[in-house]
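Below, each chain spelled out in residue letters.
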Amino acid sequence: MADINFYYLESATLSNLNRIFSSADIPFIRLSKFLNEAPKSVEPKLSSEEKIGYYHRKIGNALLEDFWQSSDFNVFLRKATGLKPRFRESNHISYSPGDYSLLHMDESEPSRLLVVYDLTKEWKHEWGGYDLYTSPDKDPLVCNRDFGSLMIVKLAPGDLSCTRYVSLKSQFSAHIDCITYDLD
Amino acid sequence: MRKTEKIFEVKDFPYPHVIVKDFLDESTLDLVIDALAGLEYDFKESDLFSYWASIELTDIDHPAINILRDDLGDEVWRKKVAKAFGSKSLSSIDMAAYVYGLGDFLLPHDDQVEERIIAYSLHLTPEITEEMGGSLQIFDVDNNNSKLIDSIIPEYNSLIMFEVSKHSWHQVGEILQDIQRLTVTGWYHG
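Residues numbered from 1 in each chain as written. Chains lettered and ligands numbered in written order. Predicted model: local features only at pLDDT ≥ 70, side-chain atom pairs only at ≥ 80, totals over all residues. Heavy atoms only, no water.

Caption draft 1: Expanded view of the interface of chain B and chain A. In this complex, chain B contributes 17 residues to the contact, which on the side of chain A involves 14 residues. Summing both sides of the interface, chain B and chain A together bury roughly 1400 Å²; the carbon and sulfur share of this comes to 60%. Run the count over chain B and chain A and you get 1 salt bridge. A salt bridge links Glu45 of chain B to Arg164 of chain A; its shortest N-O distance comes to 2.8 Å. At the boundary of chain B with chain A, the tally comes to 8 residue pairs in polar contact (both at pLDDT 80 or more). The set of elements that each furnish at least two residues to the side of chain B that touches chain A consists of β3 (49-56), β5 (105-109) and β7 (136-142) of chain B. A total of 3 residues in the side of chain B that touches chain A trace back to one element, the largest contributor, which is β5 of chain B. For the side of chain B that touches chain A, the residue count by class is 10 nonpolar, 4 polar and 3 charged. (Contact = heavy atoms within 4.5 Å. Buried area = accessible area lost by both parts, 1.4 Å probe. Salt bridge = Lys/Arg side-chain N within 4 Å of Asp/Glu carboxyl O. Polar contact = N/O pair within 3.5 Å; in protein donor to acceptor, adjacent residues only side chain to side chain. Helix = DSSP H or I, 4+ residues; strand = E, 2+ residues; numbered from the N terminus. Nonpolar A, V, L, I, M, F, W, Y, C, P; charged D, E, K, R; others polar.)

Here it is in structure tokens:
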């Protein structure tokens, strides 16, 4: 089982995270070096997933499938966000050169908490592949790839998310564990 | 002026489309490219696309653009386009110029907006090759299964047209070299 970086478990840190998350335009926090030890290799079994006009990518079981459902992580999520998220699903998603997802893929989604753990190594910004979140009348939120970072974002109905097209010039693939929690 | 007055056979698969080569005569082509080079282009970016776009070309009064607007949209040509595609009569066109530079792209979409009948794209990049990127890629989509059917290199002075429908999925491939892929693109409306 993965271990959360002790810094993120201290009460002062959690209090700060809760304040930052609650005050953001689109509620969001990004935690670098979230785990004491990030998984070293990424070789999950993935299958192609394509719906033209929506997404083109590979998907499989989350690398840290058990951890995302563990009580340790759930307690952390509750304290960091002040919410009561209920686990819905976790997936490992890979975006190779030419892959993408588009914003309207989740236009019928209810309120949810998205957690993205970044397993992408040696990435260049010009290759794209970053995460984008939009909410009506708010500035969009852009999250660049950063190995070992955990991103937590709260999305309301009508808020949208996608992963930007990955350039054919990219020498690697973007890898993320993407976890969805339902909210009341 | 148009160099070509004929629209040869429209291919039906995966959806009706046709390529008209050598669309403009040389002198018109030079004037049009000079006029387009003098326009301002705004960078447009979304989850779906990345490119530079001009203002709507039907809104400006410029001798070369006026000629181009006639060549693409006069009654004679509109009737030929409608006949070639077996569509209802075409009443008007809209048009804008687009420049795709290194890294720019347009992901799969079907162009469906009310009253768009035929999409067109006049390609104005000399000596473009497949390796440079920017091909017009057309898909056959059945339910959610899609298959790339053709990758059309946007040859200089070629006019590509296709019927807009729920089947007309296409994309512009990423530009892979330091070129400027210039097109005049728009739709014939019913």
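Caption draft 2: Layout of the packing of helix α1 (residues 11-23) of chain A against helix α3 (residues 71-81) of chain A. Residue and element names in this part refer to chain A. Look at α1 against α3: their axes get within 6 Å of each other, and the N-to-C directions meet at 60°. It follows that α1 is oblique to α3 by the angle criterion. Together, Leu14, Leu17, Asn18 and Phe21 of α1 and Phe76, Lys79, Ala80 and Thr81 of α3 make up the contact between the two elements. Broken down by class, the residue content of the contact of α1 with α3 amounts to 5 nonpolar, 2 polar and 1 charged. (Axes fitted to C-alpha atoms, helices over the stretch in contact; angles between N-to-C directions. Parallel < 35°, antiparallel > 145°, perpendicular 65-115°, else oblique.)

Caption draft 3: Structural detail: the packing of helix α1 (residues 26-37) of chain B against helix α2 (residues 63-73) of chain B. Residue and element names in this part refer to chain B. The N-to-C vectors of α1 and α2 enclose an angle of 120°; their axes lie 8 Å apart at closest approach. Between α1 and α2, the crossing angle belongs to the class labelled oblique. The interaxial crossing formed by α1 with α2 has left-handed handedness. Only Ala64, Ile65, Ile67, Leu68 and Asp71 of α2 make contact with α1, whose side of the interface consists of Thr28, Leu31, Val32, Ala35 and Leu36. Partitioning the contact of α1 with α2 into residue classes produces 8 nonpolar, 1 polar and 1 charged. (Left-handed = near helix turned anticlockwise from the far one by under 90°.)

Caption draft 4: Geometry of the environment of Leu29 of chain B. All names here are of chain B. Structurally, Leu29 can be placed in helix α1. For Leu29, a relative accessible area of 5% gives the class buried. The contacts of Leu29, once residues within four sequence positions are left out, are Leu24, Leu124, Tyr156 and Asn157. (Buried < 20%, exposed > 50% of the residue type's maximum accessible area, 1.4 Å probe, protein only.)

Caption draft 5: Spatial organisation of the nonpolar core. The biggest cluster of nonpolar side chains holds 36 residues, and the ones touching the most others in it are Leu36, Leu72, Met161, Val184 and Tyr188 of chain B. For this core, the secondary-structure elements that each account for two or more residues are β1 (17-20), α1, α2, α3 (75-85), β4 (92-100), β6 (116-123), β9 (159-163) and β11 (181-189) of chain B. Apart from residues lying up to four places away in sequence, Met161 of chain B is in contact with Ile7, Pro16, His17, Val18, Val20, Trp77, Val81, Phe85, Ile118, Ala119, Tyr120 and Tyr188 of chain B. If you look at the next biggest cluster of nonpolar residues, it comprises 28 residues, including Ile29, Leu64, Phe73 and Leu183 of chain A. (Core = buried A, V, L, I, M, F, W, Y, C linked by side-chain atoms within 4.5 Å.)

Caption draft 6: A look at the packing of aromatic side chains. Tallying each qualifying case throughout the model produces 21 aromatic pairs over all chains. Taking 6.4 Å as the distance between ring centres and 40° as the angle between the ring planes, the aromatic pair formed by Phe73 of chain A and Tyr181 of chain A counts as tilted. Of the two residues, Phe73 of chain A sits in helix α3 while Tyr181 of chain A sits in strand β11 (residues 174-182), which places them 108 residues apart along the sequence. On the basis of relative accessibility, which here comes to 0%, the residue Phe73 of chain A falls in the buried class. Given the relative accessible area of 0%, Tyr181 of chain A is considered buried. Aromatic side chains Tyr51 of chain B and Tyr100 of chain B sit 5.4 Å apart centroid to centroid with 55° between the ring planes, which places their arrangement in the tilted category. Pair noted here: Tyr51 of chain B is in strand β3 and Tyr100 of chain B is in strand β4, with a separation of 49 residues, a long-range link. As far as burial versus exposure is concerned, Tyr51 of chain B and Tyr100 of chain B are alike and both buried. An aromatic cluster is present here, built from Tyr7, Tyr8, Phe34, Phe67, Trp68, Phe73, Phe76, Phe87, Tyr117 and Tyr181 of chain A joined pairwise through their rings. (Phe/Tyr/Trp six-rings, centres within 6.5 Å; stacked < 30°, edge-to-face > 60°.)

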